[in-house]
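# Survey of secondary and tertiary structure
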Amino acid sequence: MKRQREAVTPLSRERRKRASLRWLIPCRRRKNSQVDLLAAVPLMNQGHADNGGTVKFLLKHTMTKVSVYVKSNDNVTGKKVTAFSITSAKSGTLIYHAPDAGNVDDAGTSWTYPNPVATETFMAATSDFNVPSSTTVDAVRLATFFLLPRGEGSTFSITYIVPGTTSTGAAITQSITLTGQPLPSLDKWTQGASMTYTIGIEKKKITVTAATHPTWNNNELGTIAGSVIITNPVSPDNPEWLPDNSEQVDGTE
């Protein structure tokens, strides 16, 4: 996956009007490259005499990194994800302020959003992704998104196929589509946060487990933040399957 970065590096002064930047996430309906937005911590009242003519910017991530993994929760082989997307806020305004010198976590920026909040559906680049073949195989990364740090109302949609048999024993490939499904731990979508969602797939149920990570470059060390179980997914190939149902569980794997 090709990843692009945009950097914003303003010099702020207390007597100037507060700086801001309106950001529209590039549309991923065409499955294009992801864009990561970085902004410099504002340097207040900096002059030549203050730093010998050298200005050093400290860039920080302003988006939420959302990585999606899939694993098998049964030993049925041949499962594939054929489509995946996240629907979330598509635009916001980054506002600069004087950072609190006593707060190392204050990046000097915050986000505001239009009312009502407009959303966009961001699609994963893959369209034929193999799910691990058994419960003993580690999860594999399906996609990574850089999204505005406003998780409220965000949902995901997924289509996957599962090999099976009919009541007569004939082979069949069942296609299951889930749309507008809940994501757990949306309150953890903050500026610079790194989230992973691991989707455990089985024939009639998927489990989505959220974890937070201390750094962007390490998805191995994470803290479980919540999970959601979606049972009895609809399969148009099998009318005996029940309508989909979901149950959210916080803080458990």
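Residues numbered from 1 in each chain as written. Predicted model: local features only at pLDDT ≥ 70, side-chain atom pairs only at ≥ 80, totals over all residues. Heavy atoms only, no water.

## Concerning the sheet that holds strand E3 (residues 20-24)
Across the sheet, which stays open at both edges, the three strands sit in the order E3-E9-E10 with antiparallel pairing between neighbours. Edge strands, defined here as strands with exactly one partner in the open sheet, are E3 and strand E10 (109-112). On average, adjacent strands in this sheet sit at an angle of 25° to one another, irrespective of strand direction. (Pairing = 2+ DSSP bridges. Helix = DSSP H or I, 4+ residues; strand = E, 2+ residues; numbered from the N terminus. Axes fitted to C-alpha atoms, helices over the stretch in contact; angles between N-to-C directions.)

## Topic: the packing of aromatic side chains
Applying the stated rule across the entire model yields three aromatic pairs. Pairing phenylalanine 84 with phenylalanine 156 gives two aromatic rings, centres 5.9 Å apart and planes at 25°, and the pair type is stacked. Placement of phenylalanine 84 in strand E8 (residues 80-89) and of phenylalanine 156 in strand E14 (residues 155-165) is noted, with a sequence separation of 72 residues between them. Take phenylalanine 156: its relative accessible area is 1%, and that puts it in the buried class. Plain terms: the ring middles of tryptophan 111 and tyrosine 113 are 6.5 Å apart, the flat faces sit at 15° to each other, and that makes the pair stacked. On the accessibility criterion, tryptophan 111 (11% relative accessible area) is buried. Judged by relative accessible area, tyrosine 113 falls into the partly exposed class, the value being 23%. Each member of the aromatic cluster is reached from another via a ring pair, and the members are Phe84, Phe145 and Phe156. (Phe/Tyr/Trp six-rings, centres within 6.5 Å; stacked < 30°, edge-to-face > 60°. Buried < 20%, exposed > 50% of the residue type's maximum accessible area, 1.4 Å probe, protein only.)

## Things to note about the environment of alanine 40
Residue placement: alanine 40 occurs in strand E4 (residues 34-40). Its relative accessible area of 0% is what places alanine 40 among the buried residues. Spatially, the C-alpha atom of alanine 40 lies 5.2 Å from that of leucine 58, the residues being 18 residues apart in sequence.

## A look at the environment of tyrosine 197
Checked against the element boundaries, tyrosine 197 lands in strand E16 (residues 194-202). Relative accessible area serves as the criterion here: at 1%, tyrosine 197 is assigned to the buried category. Taking C-alpha positions, tyrosine 197 is 9.8 Å from isoleucine 224, a pair spaced 27 residues apart along the chain. Those residues in contact with tyrosine 197 that lie beyond four places of it in its chain are Val66, Ser67, Val68, Tyr69, Leu183, Pro184, Ser185, Leu186, Trp189, Val208, Thr209 and Ala210. A distance of 2.8 Å separates a polar atom in the side chain of tyrosine 197 from the backbone oxygen of proline 184. (Contact = heavy atoms within 4.5 Å. Polar contact = N/O pair within 3.5 Å; in protein donor to acceptor, adjacent residues only side chain to side chain.)

## Focus: the nonpolar core
Nonpolar side chains in soluble globular proteins tend to be buried together. Judged by nonpolar contacts, the single largest core of 45 residues is most densely connected at Val81, Phe84, Phe145 and Ile158. Setting aside its immediate chain neighbours within four residues, valine 81 contacts Val70, Ser127, Asp128, Phe129, Val131, Leu142, Ile158, Thr159, Tyr160 and Ile201. (Core = buried A, V, L, I, M, F, W, Y, C linked by side-chain atoms within 4.5 Å.)

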